[in-house]
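Survey of secondary and tertiary structure
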Amino acid sequence: MVLRGRSETLMPQVQHFLTRRISARPILSWRLLATVSGPRPLPATLFSRYVVEPRKVTIVGAPLADGQPLLGVDRGPTFIRKRGLVQRLERDAWRVEDLGDLDFEMRSGLGRQEDFAEGAAHGSTKRAKMVGHANRILYEVTHEHARQDKLVLTLGGDHSIGVGSVAGALKGRPETAIIWVDAHADINSRNTSESGHLHGMVLSFLMNLDNSRNMKGFHWLNDESIPVLLPTRLVYVGLRDLDKGEKAFIRSLGIKAYTMHEVDKFGIGKIMEMVLDHILGRTDRPLHLSFDIDAVDPLYAPSTGTRVAGGLSYREAYYICEEVAHSGCLASMDLVEVNPTLTMAGGDERTVDMAVGLISSATGNSIL
Ligand SMILES: NC(=[NH2+])NCCC[C@H](N)C(=O)O
Ligand SMILES: [Mn+2]
Ligand SMILES: [Mn+2]
C-alpha cells in the first residue's frame, strides 16, 4: 500500500513494473497486445484476469436505505435475486457463493423518520452513524473476498454502500480504478451537500475530501491500509445532475467525467474507449464498476429514488457493461439504487431485470 502511493511519482516504466509485481498478473497483457495487433479477439466466455480459476463470484447483499430518505431500496438485493441473478451467473460458468444479505442491525431507536423529516440543514449529514456502521461491515466482507481473488459483487441498497465496497476493493487490490456510472456525482462533502444524504457523498469519503474520514461513523476509514482513492483512478459516465460544490470538486481535482453531453457528442463506443484508456492506458489494473441504476434513463429503469430524465439508453447501459467485460479487468462491482417498491406501471420488473442483465453483461455474458 505504501508502494502504491509512491509509485505515482516514479517513471512510467518503473511504475508499470511495480504494478505488475504487486498484483501478480500474467505477463502477457491483452490490452498491450491489442495496441500492437489491433482489437483483441473476444473469447466466447469472457473472464477477468483478477479472478483465479475456478472462477468464483461472491454476492453480498447490502440492504441499506439510510443513505437517502426512501424506504424500499433496502429490498433491492431480494428482488434482484428473485429475478434469477444466481442462475444467470451459473449459466455463464461462474461458481456462485451467495453470502445473503448482511445484517446491519442497529436500527432500533435510531428514529429514521424524524431524521429525514427535518429540512436539509446545510452542513449536516443524515444517519451518518448508521451508514458508517453498515459500511464498515461491508468493507470487511468485500475486502476478505477481494483478497481471495474472487469477483466481488455487492447488491444495494442505496449508493452509500459504495463507501464499504470500494474501500474493501482498494484494500484487497490497491491498484483498483473505479468506473462510476451515475446520473449524479456522489462527491459532496459534509460542507457542500445540500441534502445531507450520504448516498450523495460516497466519493468524498473515499478521497478524504474536507477531512470526511473524521466524520462520526466513518473513523474506521482512517486506516493506513485502506488506500485513499486518487482522482486519476476515477472516471464518471452518465452524469447529468450535479450540485455546485460537486462541480467545483470535479474541476479542481481534474477528475475525468463523461457527462450525458459527451455521450451524445461522441457516442457510447468512443466514450468507453476513452474511459478505459484513461484508467487503464497501456497497463492492466483491477476495475471496480459502481453502477447506479439511475444512470439509465427512467424510461427503462423507473424504480429508483432519484430519477433524472435524459439518461443512458437501454443499449448504452448494456454497452458500458459489455466493454467492462471485454477489458478483462473487472474485479468488483456494485449495482445500487434499485427500489422496486416505487411502483409505476410495471416499473418494478423492468428495473430489476435491467439490473440482472447489466450484471450478467459486465461479468461476461456476451451476445454472440
Ligand atoms: N446515489 C444517488 N442517487 N445520489 C443522489 C445524490 C443527489 C444529490 N446530489 C445529493 O447530494 O443529495
Ligand atoms: Mn449514485
Ligand atoms: Mn444517482
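Residues numbered from 1 in each chain as written. Chains lettered and ligands numbered in written order. Predicted model: local features only at pLDDT ≥ 70, side-chain atom pairs only at ≥ 80, totals over all residues.

- Under an unreviewed UniProt entry, the protein chain has the name Arginase and belongs to Nannochloropsis gaditana.
- Annotation of the protein chain in UniProt includes, under Pathway (unreviewed entry), the sentence "Nitrogen metabolism; urea cycle; L-ornithine and urea from L-arginine: step 1/1." (UniProt positions renumbered as here; feature names shortened; annotations may be inferred.)

**Examining the overall build of the protein chain**
- Helices and strands together make up the secondary structure of the protein chain, namely 13 helices and 8 strands.
- When burial is assessed residue by residue, the protein chain has 52% of its 368 residues classed as buried.
- Long-range pairs, those at least 24 residues apart, make up 78% of the contacts in the protein chain between residues at least 6 apart in sequence. (Helix = DSSP H or I, 4+ residues; strand = E, 2+ residues; numbered from the N terminus. Buried ≥ 20, exposed ≤ 12 C-beta atoms within 10 Å, placed from the backbone. Contact = placed C-beta atoms within 7 Å.)

**Description of the nonpolar core**
- Of all hydrophobic cores here, the largest spans 101 residues; its most connected members are Ile179, Ile293, Leu330, Ala355 and Leu358.
- If you tally residues by element for this core, the top one is helix α11 (residues 260-279), at 8 residues. (Core = buried A, V, L, I, M, F, W, Y, C linked by C-beta atoms within 7 Å.)

**So, the packing of α11 against helix α12 (residues 314-327)**
- At their nearest, the axes of α11 and α12 sit 9 Å apart, and the two run at 20° to each other. Classified by the interaxial angle, the pair formed by α11 and α12 is roughly parallel. Viewed along their axes, α11 and α12 form a crossing whose handedness is right-handed. Each of Val263, Ile268, Met272 and Leu276 in α11 lies in contact with α12, whose residues at this interface are Glu316, Tyr319, Ile320, Glu323 and Ser327.
- Taken together, the residues of the contact of α11 with α12 sort by class into 6 nonpolar, 1 polar and 2 charged. (Axes fitted to C-alpha atoms, helices over the stretch in contact; angles between N-to-C directions. Parallel < 35°, antiparallel > 145°, perpendicular 65-115°, else oblique. Left-handed = near helix turned anticlockwise from the far one by under 90°. Nonpolar A, V, L, I, M, F, W, Y, C, P; charged D, E, K, R; others polar.)

**Side note on the site of ligand 1**
- Close to ligand 1 lie 14 residues, the nearest being His159, His184, Ser195, His199 and Gly200.
- A per-class count over the shell around ligand 1 returns no nonpolar, 9 polar and 5 charged. (Near = placed C-beta within 6 Å.)

**Structural notes on the environment of Arg173**
- Checked against the element boundaries, Arg173 lands in the loop between α8 (162-172) and β4 (177-181).
- Spatially, the C-alpha atoms of Arg173 and Leu287 are 9.5 Å apart, while their sequence positions differ by 114 residues.

**Things to note about the sheet that holds strand β2 (residues 95-101)**
- Taken together, 8 strands build an open sheet; the order of strands is β2-β1-β3-β8-β7-β4-β5-β6 and the sheet is parallel. The open sheet is flanked by β2 and β6 (256-259), the only strands paired with a single partner. Between one strand axis and the next, the sheet turns by 15° as a mean value, whatever way the strands run.
- Sheet topology note: the strand β1 (residues 56-62)/strand β3 (residues 151-156) ladder contains 6 bridges and is parallel. Across the sheet, the residue bridging to Val60 is Thr154, located in β3. (Pairing = 2+ DSSP bridges.)

**What to know about α12**
- Between its first and last C-alpha, α12 extends 21 Å over 14 residues, near the 20 Å set by a 1.5 Å rise per residue.
- Judged by how many residues are buried, α12 sits mostly within the fold: 10 of 14 residues are covered.
- Along α12, the residues classified as buried are Glu316, Ala317, Tyr318, Ile320, Cys321, Glu322, Val324, Ala325, His326 and Ser327.
- Phi for Gly328, located one or two positions after α12, is positive at around 70°. (Expected span 1.5 Å × (residues − 1).)

**Considerations on the packing of helix α7 (residues 128-147) against α8**
- Between α7 and α8, the least distance of the axes is 7 Å, while the angle of their chain directions is 35°. For the element pair α7 and α8, the recorded crossing hand is right-handed. Contact with α7, carried on its side by Asn135, Arg136, Leu138, Tyr139, Val141, Thr142, His143, Ala146 and Arg147, involves Val163, Gly164, Ser165, Ala167, Gly168, Ala169, Lys171 and Gly172 of α8 and no other residues of that element.

**Some thoughts on the environment of Leu358**
- Mapped onto the elements of the fold, Leu358 is located in helix α13 (residues 347-362).
- Sequence-wise, Leu358 and Phe291 are 67 residues apart; in three dimensions their C-alpha atoms are separated by 8.9 Å.
- The residues contacting Leu358, other than those within four sequence positions of it, are Phe291, Ala317, Tyr318, Cys321 and Leu335.

**Considerations on the pairing of β1**
- For β1, a buried count of 6 out of 7 residues is recorded, marking the element as mostly surrounded by other parts of the structure.
- One ladder, built from 5 bridges, connects β1 with β2; its direction is parallel. From the neighbouring strand, Thr58 faces β2, where its bridge partner is Glu97.

**Some words on α11**
- Spanning 20 residues, α11 covers only 19 Å between terminal C-alpha atoms, well under the ideal 28 Å at 1.5 Å per step.
- Within α11, the axis deviates most sharply at Gly267, by approximately 110°.
- Buried within α11 we find Met260, Val263, Ile268, Ile271, Met272, Val275, Leu276 and Ile279.
- Backbone geometry just downstream of α11 places Gly281 in the positive-phi region, at approximately 60°. (Bend = angle between axes of the 7 residues up to and from the residue.)

**Notes on the pairing of β6**
- Bridge count between strand β5 (residues 234-239) and β6: 4 bridges; the pairing is parallel. For Val237, the partnering residue across the bridge sits in β6 and is Tyr258.
- Handedness of the β-α-β unit built from β5, helix α10 (residues 244-253) and β6 comes out right-handed. (Right-handed = clockwise from strand over helix to strand, strands pointing away.)

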